[in-house]
Structure formats: structure tokens, C-alpha cells
Amino acid sequence: MIDKGLFKELFYTYYGEMMCLAKTLLYSDDEAEDVVQDVFMRLMEADILPAEGKAGAYLLSAVRNGCFNCIRRKSITERVKSLYPLEIEVEWHDADDRMEKFDAICDFAENNLKDPHRTIFRLRFKEGLKLREIATELDMNIKTVYKYLSQSLKDIQRQIGH
Amino acid sequence: METNPNITRLLEMLDNPDAYSGKEILDIISKDDETREAYRIMVAAKQGYRNRESGEQCIDVDKAWERLETHPQLSPEGSSSHPKISHSWLKIAVSIIGVLFISAIAYAACIRLGIVGWQTQKALPQSEQANNKEAIRSRTITRIAPASKQESDTIKSGLMVYDNVPLEKMLSEIADYYGLEVIFENEQTRQLRFHFVWNCKEGIDKVIDNLNHFESLSVTLQDKQLIVE
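Residues numbered from 1 in each chain as written. Chains lettered and ligands numbered in written order. Predicted model: local features only at pLDDT ≥ 70, side-chain atom pairs only at ≥ 80, totals over all residues. Heavy atoms only, no water.

1. Considering the overall build of chain A
Across its full length, chain A holds 9 helices and 0 strands. From first element to last, N terminus to C terminus, chain A shows the α and β order α-α-α-α-α-α-α-α-α. Within chain A, buried positions represent 49% of all 162 residues. Within chain A, contacts between residues at least 6 apart in sequence are counted, and of these 56% link residues at least 24 apart. Here chain A has roughly 7700 Å² of accessible surface; of this, 45% comes from carbon and sulfur atoms. (Helix = DSSP H or I, 4+ residues; strand = E, 2+ residues; numbered from the N terminus. Buried < 20%, exposed > 50% of the residue type's maximum accessible area, 1.4 Å probe, protein only. Contact = heavy atoms within 4.5 Å. Areas by Shrake-Rupley, 256 points an atom, 1.4 Å probe, with all protein chains shown as cover.)

Shown next as C-alpha cells:
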């Protein structure tokens, strides 16, 4: 029988980090919470705790896989509607590298893009507005919004790659 | 700086993906390397902002622990006080009942078809027996309507990698892409699992040829139908 004290300690140590990862990969907080809870439930069912010193890596990897499975269950339309990845294995080949890329892209957008490019980028990917909504908000022609965002993506691709 | 028209098309599509089929969406995203890359960057940008946002949010670990603690395996007496978990168990129970119910119907249908076939064969001459066999065959095969959902594990340069995926799921996606219907002549074949790399830029004949390399599989194309024997 699993040691409840140790299990609780594990939960309190890693829950926050696991939730942060799940919320990054899944854009629904409810789905993210379900994935993290499921990881702990499966630990209980298996009646075994991860080896000392490897618990963090194990739990985060389990969360990542749970999130990927959740994304795989979504249709292509659902995925693109919310901007979920289509090439999970390719993009997440190196998880640490991937997380650094996230940061680099946001840093570049916030610090290097000039307005209105930066505002468009932020409204689209941070606030989740559609481009036609952004065009209305900024009182711009939709074609101009397409052009500015395309330029920003090209800049990022050139500077950071992917 | 010139704008790649394929990226403009991608941006248009992302504003209203419901107006496109799964095939059209995949075609737009994998039109060229730059467009594919643009989609990846957009995904990463969204995930990046989500990561920053979730890092700043306060998480109530006590509440989460309470939720988990009521799981029957950790605290058997607490199981009934946890609505979410109770709901999960209820869903599992309903699923099991559903599977049993469907199995019962399928079993009853098999028995019925068996009786019909036996009676007819005894009563009819041989030429009509053949026609009747064909009629029974057409009733027992299962048709899959073109899938509304396209789920794939990996898409890269038009490649989709199915890793240990049931044939039923894999073929429904492939058939949907080519506007075909799948017909399984053998129920057991549906659940066979394969590792298969599908290049959606290849023609259906080539894809069928590749599928037929599996020893346990025989796929043919007849009148817009993929027949799986």
C-alpha cells in the first residue's frame, strides 16, 4: 500500500509545476486539471511511487504525455481552431529546448517587434482574438493585418528559427 | 518584404476553420515549408503566452489535494463525496453497460443472419444461393461513413504517422481524405493495429499498394470504396 505521507509530499511538491505545464499545453484549465489529477490517480492505482530523485522528471513527463493524448483526441478542425500542434512528436522531441523556444518567441515579440506588429501579435496569441476582430479593434483593413502578422512570423522565423 | 500568399491563406483559414474540411486544412498548412513553419511558430507563441500566464497564476494546492484525497483508493469512505470522481466511475459503468448492450445486439444479429442464411441455402437452387450469399455478405459488412474527425499522430511534410493505431481509425481518416468509403468485410480486421506512414501527397493507388505490404491485410478499391478483406 502506497505511503500516504510520501504521496502527499510528492503532490504538494510538484502539483504547481505540473499544473503550469498542463495549462501551457492545454488551453482549457479544466482539461489541464483533469490530466494532472489523472497522473496522481494512476500512481495510486499502480501503488508505487517514482524513484527518489526522478519523481519530478517522471511526473512532468506523465503530464506531457497526458496532454498530448488529450490533443490527439481532438479533430484537425478543433486543433487549428485553438492553435494546438499538429506535429506533436516532431515539435516535442526535446522538451527543454521546446520550452526555451516558447520564451524566446514571446521575448522577441515583446521586445523586438514594433507597433502595430507587436499589438497584433499580442492580441492574436495572448488575448486569443481573431484577425478580423483585431482589424476592427485597430480600425485596420484585414489585408493589412494579414500582412503585418505575416511579416512578424517571418521575422521570428529568421531570428529564432523553430 | 513580400507576403507569401500561402501564409495569408493560412491566416484566413485560422480565422474560420469550420468553413474548411480536414483535408483542406491539412493542405493549407502543409502547402510549403514556410507556411508549415508559420503554423508552428503561432502554436509556440500561444503556448509561450499560456506558459507565462499560468506561471503567474496562484494555484490552490490544498483544494486540489482535497479533490484527490476523496478518491476511493486513497480514502474508500470518501468516494461518495467527490462529484467529479463519482461522475467518472458512473461514466465507466455506463460505458460497460453500453458495450454489453451493443454486444448483445450484435450477437443476436449474427444468430439471426446465420439462421436466414441456412434456411435459404436449403431451399434455393445453387445459382440463387450465390446471389443470396452476396446479399448476406453485403448486409454483414460494416460501412464507415466518411469520418468527420481527422486525428493523426504526426504530420510532417504531408506525412502522417500512425503508430499502433487501430486499422478502423487509420483507414477512416485516409478514406476521408480521398473522399472514399471504407468497407470492412471482417469485423476482426477493424481492431488490427499497425505502424504505418501515410504520405497524403501520394495517390490512393500507391497508398493501397503500401497497405497491402502487410501480410494480414488485403485492401482493394472498387467504386469509391476501400474494401478491407
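2. Some details on the overall build of chain B
Along its length, chain B carries 8 helices and 7 strands. Classification of the 229 residues of chain B by burial places 40% in the buried group. For chain B, the computed accessible surface area is about 12700 Å², with 54% contributed by carbon and sulfur atoms.

3. Considerations on helix H3 (residues 55–72) of chain A
Relative to the 26 Å expected for 18 residues at 1.5 Å per residue, H3 of chain A spans 26 Å between its end C-alpha atoms, a close match to the ideal helical length. Across the 18 residues of H3 of chain A, 13 count as buried, placing the element largely inside the fold. (Expected span 1.5 Å × (residues − 1).)

4. Remarks on the confidence of the model for chain B
Residues and elements named next belong to chain B. Residue-level pLDDT values for chain B average 68, and 58% of them are 70 or greater. Helix H1 (residues 5–15) holds the highest mean pLDDT among the elements of chain B, 93, whereas strand S1 (residues 142–144) holds the lowest, 35. Below a pLDDT of 50 lies the segment residues 77–92, which in the model reaches 18 contacts outside its immediate sequence neighbourhood of four places, other chains included. This model gives residues 106–156 a pLDDT under 50, and the stretch forms 76 contacts once residues within four places in sequence are excluded. In the predicted complex, the global pTM is 0.59; the interface-specific ipTM is 0.90. (pLDDT = per-residue confidence, 0-100.)

5. Brief notes about the pattern of salt bridges
A complete count under the given rule lists 19 salt bridges over all chains for this structure. Here Arg 52 of chain B and Asp 103 of chain A are joined by a salt bridge, their closest N and O atoms 3.5 Å apart. Linking Arg 52 of chain B in helix H3 (residues 33–56) with Asp 103 of chain A in helix H6 (residues 95–112), this pair reaches from one chain into another. For Arg 52 of chain B, a relative accessible area of 26% puts it in the partly exposed group. Looking at Asp 103 of chain A, the relative accessible area reads 35%, which means it is partly exposed. In this structure, the salt-bridge partner of Glu 110 of chain A is Arg 122 of chain A, at a minimum N-O distance of 2.7 Å. Here Glu 110 of chain A is found in helix H6, whereas its partner Arg 122 of chain A is found in helix H7 (residues 117–125), with 12 residues between them in sequence. (Salt bridge = Lys/Arg side-chain N within 4 Å of Asp/Glu carboxyl O.)

6. Some thoughts on the interface of chain A and chain B
Taken together, the contacts link 76 residues of chain A with 61 residues of chain B. Summing both sides of the interface, chain A and chain B together bury roughly 6600 Å²; the carbon and sulfur share of this comes to 60%. Counting across the interface, chain A meets chain B through 9 salt bridges. In this structure, Arg 67 of chain B engages Asp 34 of chain A in a salt bridge whose closest nitrogen and oxygen atoms are separated by 3.1 Å. Taken together, the connections running from chain A to chain B amount to 19 residue pairs in polar contact (both at pLDDT 80 or more). In terms of residue class, the side of chain A that touches chain B is made up of 35 nonpolar, 12 polar and 29 charged. (Buried area = accessible area lost by both parts, 1.4 Å probe. Polar contact = N/O pair within 3.5 Å; in protein donor to acceptor, adjacent residues only side chain to side chain. Nonpolar A, V, L, I, M, F, W, Y, C, P; charged D, E, K, R; others polar.)

7. Brief notes about the packing of H1 of chain B against helix H2 (residues 22–29) of chain B
Packed helices, taken two at a time, are described by their axes: the angle between them and the distance between them. All names here are of chain B. Between H1 and H2, whose axes approach to 9 Å, the crossing angle comes to 145°. In this structure, the crossing between H1 and H2 has a hand that is left-handed. Contacts between H1 and H2 involve Arg 9, Leu 10 and Met 13 from the former and Ile 25, Ile 28 and Ile 29 from the latter. Residue classes in the contact of H1 with H2 are distributed as 5 nonpolar, no polar and 1 charged. (Axes fitted to C-alpha atoms, helices over the stretch in contact; angles between N-to-C directions. Left-handed = near helix turned anticlockwise from the far one by under 90°.)

8. Brief notes about the environment of Ile 160 of chain A
All names here are of chain A. Topologically, Ile 160 is positioned in the segment after helix H9 (142–159). We classify Ile 160 as partly exposed; its relative accessible area is 23%. Residues Ile 160 and Phe 108 lie 52 residues apart in sequence; the distance between their C-alpha atoms is 8.5 Å. Setting aside anything within four residues of it in sequence, one finds Ile 160 in contact with Lys 101, Ala 104, Ile 105 and Phe 108.

9. Some words on the pairing of strand S7 (residues 225–228) of chain B
Residues and elements named next belong to chain B. Burial along S7 is two-sided: Gln 225 and Ile 227 facing one way and Leu 226 and Val 228 facing the other are all buried. Taken together, the 4 bridges between strand S4 (residues 181–184) and S7 define a ladder with parallel strand orientation. Within S7, the position partnered with Val 182 by the bridge is Leu 226. In this sheet, S7 lies alongside strand S6 (residues 219–222) in antiparallel orientation, the contact comprising 4 bridges. Across the sheet, Thr 220 pairs through a bridge with Ile 227, a residue of S7. (Pairing = 2+ DSSP bridges.)

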